[in-house]
Amino acid sequence: MTRTLPLATVALAAALSFATGSACAQAAGKLKVGFMLPYSGTFAALGNSIENGFRLYVNEQGGKLGGREIEFFKVDDESEPSKATDNVNKLIKRDQVDVIVGTVHSGVAMAMAKAAKDTNTLLIVPNAGADAVTGVMCAPNIVRSSFSNWQPAFAMGKVAAEKGAKKAITVTWNYAAGNESVKGFAEAFEKGGGKVVKDLNVPFPNVEFQALLTEIAAQKPDAVYAFFAGGGAVKFVKDYAAAGLNKTIPLYGPGFLTDGTLEAQGAAAQGMLTTLHYADNLDTPRNNAFRKGYALTYKANADVYAVQGYDAAQILAAGLNAVKGDLAKRDILTTAMRKVTVDSPRGKFTISPAGNPVQDVYLREAKGNNNEYRAVAVKALADPARGCKL
Ligand code: BEZ
């Protein structure tokens, strides 16, 4: 006997089937990933390394994350905070990406974090250390695969004090990352019995260092702590050596001072001690395989920025795998991105409730073209996440 279904039931079934069908189509479609990185200026090499690292991980997964193919979008942020809001809106509003990966410069990253919070867009920060991003601006949709400016700086302050330095001068670009870095250094250095006697700076991305070097020579501190990166780090380390200061006053810094820059710095950087959450020669199967894959793909050596890009993709994959690529399950996805233990080339690390890596910070020494591991400076260092309320 055939039974006629009431019209309302038929309509409901049709609606359900349509809804399920469209959810599946959405999960099966391409995931839109927007890179907002510096592809020009003093941090251009850093931006390219991050993108390379991210793409390497995606390629290792057969071109898919969470079962979804990826469509990439790109914006050059020029490390220019005044253009940051317009630039990030190209990805959010024009391209309507599902997730943003960026950036390098702390000032640009803070504008991105604000836009991501306002629009609830997923944001993975693959470098910029701005303390506020996982401090006062922390949010469930924002996670960092790199570090806070405080982390490597605090570790170097501890090392410098342990080495017996009493009087230090700091030198940096005058912007969020530089200022937070010297603050983190001073916190640990002074706790260890040292004193920062002078903070010197130049505007970002200025590389006219002569006046600062003359001041350092006149003051004769026991140590100098410098925050520079990319092209600026190359110039500062070379100028410091050319002035002969490296013979009498050790130059310390977070690892950005010598990461991805050693070839260009040459003899000027040899023997320099820095602290960072990565060292080139970490002799683990994970790091060796990563470096080999990176070198084969890009005909270049991996650096910390490539690692951070690679791990940004790993964190995103953890979220997407938890929801089988279905971005509508937002809470499950963002929780999984926080709960993951990342099997990184740097060593395994976890993510703090505020969204920042909890990781070992290494003491490294520049030898040839490598930043070689010397010791663990601070084990499982967690950023204090000052001001984060979730
Ligand atoms: C920053 O602006 O946060 C930054 C830039 C380059 C290296 C490290 C940090």
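None of the values given here were measured: they were computed from a predicted structure. (Residues numbered from 1 in each chain as written. Predicted model: local features only at pLDDT ≥ 70, side-chain atom pairs only at ≥ 80, totals over all residues. Heavy atoms only, no water.)

**Student:** Quick one: what's the story with the packing of aromatic side chains, residue by residue and with numbers?
**Tutor:** Tallied over the full model, the rule gives 25 aromatic pairs. For the pair Phe 147 and Phe 256, a centre-to-centre distance of 4.7 Å together with 40° between the ring planes defines the contact as tilted. One end of the pair, Phe 147, is in the loop between strand 6 (142-144) and helix 5 (150-162); the other, Phe 256, is in the loop between strand 10 (251-254) and helix 9 (262-265), with 109 residues separating them in the sequence. Judged by its relative accessible area of 4%, Phe 256 is buried. (Phe/Tyr/Trp six-rings, centres within 6.5 Å; stacked < 30°, edge-to-face > 60°. Helix = DSSP H or I, 4+ residues; strand = E, 2+ residues; numbered from the N terminus. Buried < 20%, exposed > 50% of the residue type's maximum accessible area, 1.4 Å probe, protein only.)

**Student:** Report on the packing of helix 3 (residues 84-94) against helix 4 (residues 106-119), specifying residues and quantitative values.
**Tutor:** In contact at an axis separation of 9 Å, helix 3 and helix 4 are set at 45° when each is read in the N-to-C sense. For the element pair helix 3 / helix 4, the angle class is oblique. You can see that helix 3 and helix 4 cross each other, and the crossing is right-handed. Seen from helix 3, the contacting residues are Ala 84, Thr 85, Val 88 and Ile 92; seen from helix 4, they are Val 108, Ala 111, Met 112, Ala 115 and Thr 119. (Axes fitted to C-alpha atoms, helices over the stretch in contact; angles between N-to-C directions. Parallel < 35°, antiparallel > 145°, perpendicular 65-115°, else oblique. Left-handed = near helix turned anticlockwise from the far one by under 90°. Contact = heavy atoms within 4.5 Å.)

**Student:** Run through the sheet that holds strand 6, naming residues and quoting values.
**Tutor:** Overall, mixed pairing links the 6 strands, which are arranged 2-3-1-4-5-6 in an open sheet. The outermost strands of the open sheet, each flanked by one partner alone, are strand 2 (64-65) and strand 6. Taken strand by strand, helix 2 (residues 44-60) contacts strand 1 (31-37), strand 2, strand 3 (68-76) and strand 4 (99-101), and its axis lies near 160° from that of strand 1. (Pairing = 2+ DSSP bridges.)

**Student:** Before we move on, can you summarise the site of the ligand with the specific residues and values?
**Tutor:** The full set close to the ligand counts 15 residues, and Val 104, Ser 106, Gly 129, Tyr 175 and Ala 177 are the nearest of them. In the environment of the ligand, an oxygen atom lies 3.3 Å from a nitrogen or oxygen atom belonging to the backbone of Val 104. Within the contact set of the ligand, an oxygen atom lies 2.7 Å away from a side-chain nitrogen or oxygen of Ser 106. The class makeup of the residues in the shell around the ligand is 10 nonpolar, 5 polar and no charged. In this structure, the shell around the ligand is formed jointly by two domains, domain 1 (28-147 + 282-355) and domain 2 (150-276), each of which donates at least three residues. (Near = heavy atom within 4 Å. Polar contact = N/O pair within 3.5 Å; in protein donor to acceptor, adjacent residues only side chain to side chain. Nonpolar A, V, L, I, M, F, W, Y, C, P; charged D, E, K, R; others polar. Domains from an automatic or database assignment.)

**Student:** Requested: an account of the packing of helix 11 (residues 304-322) against helix 12 (residues 330-339), with residues and values cited.
**Tutor:** Where helix 11 meets helix 12, the closest approach of the two axes is 7 Å, and the angle between their N-to-C directions is 140°. Regarding the angle of helix 11 to helix 12, the classification is oblique. Between helix 11 and helix 12 lies a crossing of right-handed hand. Touching Ile 315, Leu 316, Ala 318, Gly 319, Leu 320 and Ala 322 of helix 11 are Ile 332, Leu 333, Ala 336 and Met 337, all from helix 12.

**Student:** Would you mind going over the domain arrangement of the protein in detail, with residue names and values included?
**Tutor:** You can read the domains of the protein as domain 1 (28-147 + 282-355) and domain 2 (150-276). A separation of 28 Å is found between the C-alpha centroids of domain 1 and domain 2. Listed as interface residues are 16 residues of domain 1 and, on the opposing side, 18 residues of domain 2. Summed over both sides, the interface of domain 1 with domain 2 buries roughly 1,300 Å², with 63% coming from carbon and sulfur. Summed over the shared surface of domain 1 and domain 2, the result is 0 salt bridges. Going through the elements one at a time, helix 4 and helix 11 are the ones with two or more residues in the side of domain 1 that touches domain 2. Residue contributions to the side of domain 1 that touches domain 2 peak at 3 residues, all from helix 4. Of the residues assigned to the side of domain 1 that touches domain 2, the class counts are 8 nonpolar, 6 polar and 2 charged. (Buried area = accessible area lost by both parts, 1.4 Å probe. Salt bridge = Lys/Arg side-chain N within 4 Å of Asp/Glu carboxyl O.)

**Student:** Mind laying out the pattern of salt bridges, listing which residues take part and the relevant values?
**Tutor:** On inspection of all chains with the given rule, the structure shows 18 salt bridges. Linking Arg 386 and Glu 187 is a salt bridge whose minimum nitrogen-to-oxygen distance equals 3.2 Å. Here Arg 386, found in the segment after strand 15 (370-381), pairs with Glu 187, found in helix 6 (residues 176-191); they are 199 residues apart in sequence, far enough to count as distant. Salt bridges sharing partners connect three or more residues here, namely Glu 365, Lys 367, Glu 372 and Arg 374.

**Student:** Describe in detail the environment of Arg 68, supporting the description with residues and values.
**Tutor:** By the element assignment, Arg 68 lies in strand 3. What makes Arg 68 buried here is its relative accessible area of 2%. Between the alpha carbons of Arg 68 and Lys 30 there is a distance of 5.7 Å; along the sequence they are 38 residues apart. From its side chain, Arg 68 meets the backbone oxygen of Gly 29 in a polar contact 2.5 Å long. Polar side-chain contacts of Arg 68 include one of 2.5 Å to the backbone oxygen of Gly 325.

**Student:** Before we move on, could you go through the environment of Glu 51 and cite the residues and values that matter?
**Tutor:** The residue Glu 51 is located in helix 2 in this model. Expressed as a C-alpha distance, the spacing of Glu 51 and Pro 126, which sit 75 residues apart in the sequence, is 9.4 Å. Polar contacts involving the side chain of Glu 51 include one to the side chain of Arg 55, which spans 2.7 Å.

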